[in-house]
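What follows is the residue order along each chain.
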Amino acid sequence: MNAAYLIVALPITGALILLFGGRRIGDPLSGWLATIAAGGSFVGSVIVWASLLGRSGADRTVDKQIFTWIPVGSLHVDFALQLDPLSIAMVLFVTGVGSLIHLYSIGYMKGDRSYPRFFFLLNLFLFSMIVLVLADSYLFSFVGWEGVGFCSYGLVGFWFDRETAAVAAKKAFVTNRVGDFGFMVALFLMFGHFGSFSYSAVLGPLASGHSTLAGATATGIGLMLFLGAVGKSAQIPLYMWLPDAMEGPTPVSALIHAATMVTAGVYLVARSAPILHYSHAVLWVIAIVGATTALLAATIACAQNDIKRVLAYSTISQLGYMFLGEGSGDYTAGLFHMITHAFFKALLFLAAGSVIHALNDEQDMKKMGGLRKYLPITFPTFIIGYLALSGIPPFDGFWSKDAILDSAWHMSPALWAVGAVTAGLTAYYMSRQVALVWLGQARWTSDGHEGGGGHGGHGGGEPHESPWVMTAPLVILAFCATFGWLLNAPFGGLDFVNKWLAPVFPSTIDPAVHVGTGTKWVLGIAVTAICFLGLGLGLTAWRKVDRPALEPAVLVHGWYIDEAVSAAVSGPLTRMASAFSFMIDARVVDGAVNGLARFTSGTGRQLRRMQTGYVRNYALGIGIGTAVILAFVATRVGS
Amino acid sequence: MIGLLADVVGRVSDQATTSTTTIPVPCSISSGGAKITSVCSDTNSLHISVAYRSILPVLVLVIGALALLAISAVLPKRSRPGLYALLTVAIGGLALIASVWQWSDIGNINAHVPAGAQAALNYRLAHQLTIGQQVFYDRFSVLFMALVSVATILGAMTTDSYLRREGLDGVEAYVLMLMAGTGAMLMAASAGLIMLFLGLEIMSISLYVMAAYHRRRTQSGEAGLKYFVLGAFSSAIFLYGVALVYGATGSTQFLEMANFLGANSLSHNGILLAGMALLIVGLGFKVAAVPFHFWTPDVYQGSPTPFAGYMAAVAKAAGFAGLLRVLDMGLSTQQANWRPAIWLMAVLTLLVGSVMAIAQRDLKRMLAYSSISQAGYVLVGLQAASSTGTAGALFYLFTYTFIIMGTFAIISIIQGRGEARNDLGAVRGLAKRRPLLAAVLLVFLLAQAGVPFTTGFLAKFYVIQAAVQSGQYVLAIIAMLSAAIAAFFYLRVALLMYGTEGEAVAGAPGVSGGAGVSGGAGAGDGSILAGLQPIPSLDGATATATLLDPPAVDEKVRLPVAVALGICAAFTIAAGLSSPMIDFARHATTLFNLK
């Protein structure tokens with residue numbers, strides 16, 4: 001169990017070493033250091049997991065105290081870790097996928113000017129994420145929550161000398177702040193109602209049915225928590241930052257915007273299941289927001305040309321699925337999809353990164369094509385990720401998506417229908433991507449792209465396969481994407497994830513979803529048919545590259561939502577902000593501050609005259625002070 | 001020696017007793033109607049039993065000082081540089097061990113308190129009021145003994161290289177330091193005004209000499225003389241206060257004073273209040289509370305730098321120990337009268353300290369005002385007159401020891417031979433020249449500014465919390481505002497350390513305006529204030545632009561100094577994260593609840 005400390009300590013140690021000694025450690029070594037820290041953290045997670053396995057289901061919750069953080073009055077917040085099936089499941093996949101992405105980055109970021117800074121941020125990010133999932137209280141989780149937000153800002157804007165990267169980082173940060181606001185309000189409500197932040201104190205009695213929660217309170221807390229999740233997990237209406245965040249280096253996109261940070265919202269909702277149980281309204285909101293986001297993002301993904309933006313919208317869409325599952329009351333399905341999605345989406349991002357790397361930072365799919373011959377390892381792994389994402393059996397995307405859609409059907413057939421259409425669209429846009437990138441004719445020029453890029457390095461020449469540190473994670477992830485479904489297969493007693501998470505979601509708060517076996521078969525076959533349809537359509541339609549009819553401007557521009565929001569919110573806000581900065585800030589605030597400063601220094605100058613350096617004057621000062629005190633006590637005499 | 005002192009004191013009180021045979025004064029302690037009899041048999045005889053355990057660290061320091069003198073007499077002059085420092089560190093270490101032992105010993109005593117109010121009181125008085133009832137053996141005393149021991153260790157480590165650089169190496173510095181520590185410990189442990197005064201004088205006289213220790217610097221001699229004259233002045237006021245309080249209550253013992261005042265209501269309390277006011281003045285001088293602070297900048301500036309750190313840590317702590325003993329124990333019934341006075345002093349101290357520090361160009365003067373401002377926070381804790389406030393004050397004093405001694409140690413490094421450069425410009429570009437040293441100084445500056453994750457933050461937090469709990473919202477707000485003002489000059493030093501040359505040049509246009517001001521205001525300055533020029537404006541860049549270039553001095557950090565700095569910085573950060581120190585401080589307030 002003490003390995004739990006290792007999980008937390010290693011990444012932060014790595015980050016600190018890199019922060020202070022990164023420049024001296026130098027180029028490849030700092031990457032390896034970070035990777036070893038991440039890997040060690042994963043090993044620690046495995047050890048903790050194994051020792052939890054050795055316990056019976058009921059007492060698989062262990063608290064590990066680090067130190068008391070806030071002892072103020074009745075508020076007592078510890079820096080403590082809660083090891084339970086949910087947090088261990090999270091930390092296993094966070095550190096596992098995280099380690100692979102660290103490894104991949106060693107190759108991808110080679111030659112970058114700020115190599116150590118990148119790994120410092122990666123390690124710090126991993127630490128924050130681990131804190132987020134292992135914390136034993138909402139407040140401590142919030143520390144990690146803000147930590148990942150900050151690291152995301154640093155990593156998206158990693159190449160901050162590019163205007164677009166700096167803007168995207170700012171956008172990601174600001175949008176996340178809106179969600180954080182919701183989280184904070186939830187914290188306040190929670191403290192007002194429960195007087196505590198710790199999971200055991202807030203959730204324990206609810207989960208075991210020893211106490212109840214008024215519906216309105218549950219709705220308030222639940223909605224605010226979900227607002228936090230919406231910000232972090234890029235759901236409607238706070239999803240715009242994620243596609244822009246693709247300005248960051250590709251491993252960042254894979255780590256933060258596919259595998260870990262965006263799943264924080266999914267984790268938060270799952271963790272709060274006992275609260276949500278008391279409010280059906282919130283569950284409906286979650287399900288509807290999830291389904292709508294899934295559909296909307298999938299439509300937008302159909303018309304994007306940037307290889308990473310397609311994947312970004314796909315991520316938003318898949319996160320929508322996860323919330324659809326959770327909103328339908330099937331947290332396990334949502335979490336299982338989160339795990340499988342981490343595998344195949346990280347795989348797709350890393351493979352895309354490998355493509356971008358090979359083409360010297362070309363990201364436009366219209367300028368790719370015919371790459372299958374040149375990238376013999378990346379290609380098959382990408383195809384595995386593609387099939388998994390498209391929901392083709394037996395790859396793991398099929399199984400987790402299927403579980404979610406079954407639950408959605410139980411909630412409402414309309415939600416199922418939205419999910420099914422989304423599945424077809426997913427298969428379609430991924431096929432489009434495969435057709436544009438890997439199949440057809442080469443549309444790139446072999447000598448074209450010098451001078452592009454933050455990681456520099458290669459001149460012209462033909463595209464070439466990436467070094468082993470980049471391909472090895474691809475192979476491992478491809479393996480996981482192929483066989484990951486065995487973690488939770490719905491037959492033969494192979495539903496390990498269900499069994500593992502059962503203590504976290506007891507039947508008191510999470511009644512089992514009953515969908516008949518026959519219905520399941522019908523639904524599964526129907527969805528699979530839709531997926532194959534999308535697959536075929538995509539592959540045939542995109543043999544040609546120019547198909548303006550299939551790329552309507554409204555989709556290219558993402559339904560103009562971003563523009564509309566910019567016009568409606570950002571514009572006036574910016575104007576208001578500049579008005580404030582010129583009028584209020586410069587005159588009133590700065591005026592007050594500067595005035596105070598002038599007053600202070602002026603007072604100091606005047607007071608300085610008393611400091612003459614003459615002992616007689618000092619003695620006089622003491623005498624006057626004594627007289628003042630004596631005069632004061634004289635007024636108290638007799639009282 | 002201490003036994004002898006206590007013996008003398010005991011005899012004096014015996015004579016008082018024998019003259020009025022009908023009323024045995026020292027035996028009149030009562031609490032809630034419970035009379036004490038068991039301790040009286042001791043004091044009525046001429047023999048005073050000396051419980052050595054209660055003054056163990058004091059004995060270590062005194063014997064150590066004597067041993068140092070003896071050794072120096074035997075050894076040839078300048079036989080082995082650093083030997084005395086090493087021995088002083090060892091003595092301080094022994095004293096620290098002794099105080100740690102005392103802490104657990106008191107734990108044993110507390111564990112065996114018998115049931116029943118009267119029995120418990122008798123037991124406590126028998127075990128914790130020792131040596132002719134002159135010394136308290138409680139955790140409050142022990143905490144200060146540990147504090148002084150730590151300060152002595154750190155002081156010896158940082159003094160050595162300074163003295164060698166200045167060619168002042170000798171045994172006297174360490175003996176003086178040990179004796180000052182002795183006095184400070186006795187002040188903290190005093191159970192009556194007489195012992196408090198003895199401790200005060202033992203400490204002060206050593207400190208006067210320490211201030212004047214640098215023979216070749218006229219400023220140092222001037223500092224010593226000023227400190228001595230003003231100190232004598234304040235001691236006289238203090239003694240007058242002792243006399244008045246004795247006249248009003250018939251005792252100089254804190255417990256007896258409290259009992260007397262609790263049991264009787266005075267029809268004329270003028271004498272008592274006047275005495276109280278004068279005691280506050282006398283001790284307020286030692287802690288450099290406004291308006292009794294005038295000596296501080298001159299003395300800190302003139303004193304040898306490591307000694308200034310020692311003074312700031314030890315003299316302040318001892319002064320506050322005395323204030324807490326007098327006000328919170330002896331005059332605890334007079335809270336309504338002394339709390340407003342302390343309130344006013346706290347406000348003045350906080351604001352004057354912070355505001356004046358901004359106007360300083362000399363590092364040591366700036367730190368002097370900074371330490372005045374810090375004393376204001378301790379006064380805030382004292383003013384709360386609650387165990388939370390006292391615990392906060394104790395925590396503040398203990399953690400401040402590390403911060404201020406570390407800061408002065410760094411200044412003694414960067415000022416160069418002969419204390420050539422004490423102005424703010426000396427730290428400019430320090431981060432480039434000595435990144436580690438700059439980082440450590442940054443830790444201390446941030447801690448003094450009260451940045452979270454340092455002890456400075458927790459200390460401010462605890463005292464302000466205590467003020468809020470006792471309903472003193474105005475005081476709490478003033479304390480926070482003062483912290484905001486103070487952050488400016490701490491961060492200015494940080495800016496100078498980490499700023500680049502380019503930034504400094506960029507601010508150059510502001511210079512012309514400032515020069516006129518400094519020329520005009522400079523005339524009012526006294527003889528020794530050459531380093532003191534006003535900063536023309538609060539704009540950081542402008543402020544840096546008018547400074548001289550950094551010195552090209554040899555900033556070698558010797559190992560003992562490095563170790564001392566490491567200890568200080570490590571404690572400041574480690575204890576700032578989440579501090580068991582506050583629990584120690586809370587334990588140290590236990591005797592105050594003896595009701």
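Every value quoted in this text rests on a predicted model; they were computed, and no experiment measured them.

Participant: Quick one: what's the story with the overall build of chain A, residue by residue and with numbers?
Facilitator: The helix and strand tally for chain A stands at 24 helices and two strands. Counting over 639 residues, chain A shows a buried share of 56%. Contacts spanning at least 24 positions in sequence make up 80% of the contacts within chain A whose residues lie at least 6 apart.

Participant: Requested: an account of the environment of A:Thr164, with residues and values cited.
Facilitator: Assignment of secondary structure puts A:Thr164 in helix H6 (residues 163-194). Considered as a pair, A:Thr164 and A:Gly248 are 84 residues apart in the sequence and their alpha carbons are 9.8 Å apart.

Participant: Now, about a nonpolar patch on the surface: what can you tell me, with residues and values included?
Facilitator: All names here are of chain A. A grouping of Val569, Leu573, Met576, Phe580, Phe582, Met583, Ile584, Val588, Val589 and Val593 is seen on the molecular surface, where their side chains present a nonpolar patch of about 930 Å² in accessible area. With respect to the helices, strands and loops of the structure, Val569 is situated in helix H23 (residues 561-608). By relative accessible area, Val569 is classed as partly exposed at 40%.

Participant: Quick one: what's the story with the layout of surface pockets, residue by residue and with numbers?
Facilitator: Taken as a whole, the largest pocket holds about 1,000 Å³ of empty space. Taken together, 26 residues line the largest pocket, and the ones lying closest to its centre are A:Ile12, A:Leu16, A:Phe127, B:Phe453 and B:Leu577. Among the elements of the structure, helix H1 (3-25), strand S1 (62-72), helix H4 (115-134) and helix H5 (138-156) of chain A together with helix H24 (559-577) of chain B are those that each provide at least two residues to the lining of the largest pocket. Residues of the lining of the largest pocket, tallied by class, amount to 22 nonpolar, three polar and one charged. Here the second largest pocket is characterised by a volume of approximately 900 Å³. As for the second largest pocket, its lining consists of 35 residues, of which A:Ala403, A:Asp406, A:Pro490, A:Asn498 and A:Lys520 are closest to the centre. Residue classes in the lining of the second largest pocket are distributed as 18 nonpolar, 11 polar and six charged.

Participant: An account of the pattern of salt bridges is needed here, citing residue identities and associated values.
Facilitator: For the structure shown, the criterion picks out 20 salt bridges over all chains. One salt bridge in this structure joins A:Asp84 and A:Arg271, with 2.8 Å as the shortest N-O distance. Of the two residues, A:Asp84 is situated in the loop between strand S2 (75-83) and helix H3 (85-108) and A:Arg271 in helix H11 (residues 263-271); the sequence distance between them amounts to 187 residues. Overall, the relative accessible area of 3% leaves A:Asp84 in the buried class. A relative accessible area of 5% places A:Arg271 in the buried class. Residues B:Glu419 and B:Arg217 are paired through a salt bridge, measuring 3.1 Å at the closest nitrogen-oxygen approach. Note that B:Glu419 is positioned in the loop between helix H16 (387-414) and helix H17 (430-433) and B:Arg217 in the loop between helix H8 (193-211) and helix H9 (218-249), a separation of 202 residues in sequence. Assigned by exposure class, B:Glu419 and B:Arg217 land together as buried. Salt bridges sharing partners connect three or more residues here, namely B:Glu222, B:Lys226, B:Asp298 and B:Arg365.

Participant: Any details on the environment of B:Ala391? Residues and values, ideally.
Facilitator: All names here are of chain B. You can see Ala391 is positioned in helix H16. For Ala391, a relative accessible area of 3% puts it in the buried group. Sequence separation between Ala391 and Thr589 is 198 residues, and the spatial gap between their C-alpha atoms is 6.4 Å.

Participant: Give a description of the confidence of the model for chain A that names residues and reports values.
Facilitator: On average, residues of chain A score 85 in pLDDT, and 97% of them are at 70 or above. Low confidence marks residues 448-459 of chain A, where pLDDT is under 50. Its contacts with residues over four positions away, or in another chain, come to 23 contacts.

Participant: Tell me about unusual backbone geometry, and please be specific about residues and values.
Facilitator: Most peptide bonds take the trans form, and the phi angle of most residues other than glycine is negative. Of note, the bond from A:Pro393 into A:Pro394 is cis; its omega dihedral lies within 30 degrees of zero at 10°. Backbone geometry at B:Ala385 places phi at a positive 50°, although glycine is not the residue there. Note that B:Ala385 resides in the loop between helix H15 (363-384) and H16. A relative accessible area of 16% means that B:Ala385 is categorised as buried.

Participant: Run through the interface of chain B and chain A, naming residues and quoting values.
Facilitator: Listed by partner, the interface residues are 50 residues for chain B and 31 residues for chain A. Carbon and sulfur atoms supply 73% of the area that chain B and chain A bury against each other, a total of about 3,400 Å² over both sides. Our enumeration of links across chain B and chain A arrives at zero salt bridges. For the pair chain B and chain A, the interface holds three residue pairs in polar contact (both at pLDDT 80 or more). Contributions of two or more residues to the side of chain B that touches chain A are made by H9, helix H11 (270-286), helix H12 (295-302), helix H14 (335-358), H15, helix H19 (455-469) and helix H22 (511-522) of chain B. Residue composition of the side of chain B that touches chain A, grouped by class: 37 nonpolar, eight polar and five charged.

Participant: Residue-level account of helix H5 (residues 117-128) of chain B, with values.
Facilitator: The α-helix advances 3.6 residues per turn, and as a result positions three or four apart in sequence lie on the same side. Between its terminal C-alpha atoms H5(B) stretches 16 Å, which fits the 16 Å expected from 12 residues at 1.5 Å a residue. Those residues of H5(B) that fall on the buried side of the exposure criterion are B:Ala120, B:Leu121, B:Asn122, B:Tyr123, B:Arg124, B:Leu125 and B:Gln128.

Participant: Describe the packing of aromatic side chains, listing the residues and the values that go with them.
Facilitator: Considering all chains together, one arrives at 39 aromatic pairs over all chains under this definition. On the basis of an interplanar angle of 75° and a centroid distance of 5.2 Å, the ring pair of A:Phe118 and A:Phe158 is categorised as edge-to-face. Of this pair, A:Phe118 sits in helix H4 while A:Phe158 sits in the loop between H5 and H6; the two residues are 40 residues apart in sequence, bridging distant segments of the chain. Accessibility classification places A:Phe118 together with A:Phe158 in one group, the buried group. Taken together, the aromatic side chains of B:Tyr208, B:Tyr227, B:Phe228, B:Phe285, B:Trp295, B:Tyr300 and B:Phe408 make up a single cluster linked through ring pairs. In this structure, A:Arg271 is placed above the aromatic ring of A:Tyr199, and the distance from its NZ or CZ to the ring centre is 4.8 Å. Over the face of the ring belonging to A:Trp542 we find A:Arg432, whose NZ or CZ atom lies 4.6 Å from the ring centre.

So, how was this worked out
- Position numbers for residues start from 1 in each chain and track the written sequence from start to end.
- All chains are assigned letters beginning at A, and all ligands numbers beginning at 1, according to the order in which they are written.
- Owing to the predicted nature of the model, reporting of local features is limited to residues with pLDDT of at least 70; listing and counting of side-chain atom pairs is limited to 80 or more, with chain, interface and lining totals taken over all residues.
- The side-chain numbers reported here are obtained from all heavy atoms of the structure, hydrogens and water having been left aside.
- Helix and strand assignments follow DSSP, with helices taken as H or I runs no shorter than four residues and strands as E runs no shorter than two, numbered in order from the N terminus.
- Working definition: with a 1.4 Å probe on protein chains only, accessible area under 20% of the residue-type maximum means buried, over 50% means exposed, and in between means partly exposed.
- Should any heavy atoms of two residues lie within 4.5 Å, those residues are counted as being in contact.
- Within this analysis, patches are made of residues with over 30% relative accessible area and no salt bridge. Like charges are joined at 9 Å or less; nonpolar side chains (Val, Leu, Ile, Met, Phe, Trp, Tyr) at 5 Å or less.
- Only the protein chains shown count as covering a residue, and every accessible area follows the Shrake-Rupley method with a 1.4 Å probe.
- What makes a salt bridge here is a side-chain nitrogen of Lys or Arg within 4 Å of a carboxyl oxygen of Asp or Glu, nothing more.
- Two kinds of site are reported from a 1 Å grid over the protein atoms alone, namely cavities, where a 1.4 Å probe fits but cannot get out, and pockets, open sets with protein on both sides within 12 Å along at least five of seven lines, and residues are called lining when an atom falls within 4 Å of a point.
- Grid points are joined across faces, edges and corners, and a volume is the space filled by probe spheres set on the points.
- Any residue that is not Ala, Val, Leu, Ile, Met, Phe, Trp, Tyr, Cys, Pro, Asp, Glu, Lys or Arg is counted as polar, Gly included; the first ten are nonpolar and the last four charged.
- pLDDT expresses how confident the predictor is about each individual residue, on a scale running from 0 to 100.
- Summed over both partners, the accessible area lost on bringing two parts together, with a 1.4 Å probe, is the buried area.
- Polar contacts, as counted here, are pairs of nitrogen or oxygen atoms within 3.5 Å of one another; within protein the pair requires one atom able to donate a hydrogen and one able to accept it, and residues that are adjacent in sequence qualify only if both atoms are side-chain atoms.
- Helix span, expected: 1.5 Å multiplied by one less than the number of residues in the helix.
- Aromatic rings from Phe, Tyr and Trp, with only the six-membered ring used for Trp, were paired whenever their centres fell within 6.5 Å, and each pair was classed as stacked if the ring planes differed by under 30 degrees, edge-to-face if by over 60, and tilted otherwise.
- For a ring to carry a charge above it, either NZ of a lysine or CZ of an arginine must fall within 6 Å of the ring centroid while also lying within 35 degrees of the normal to the ring plane.

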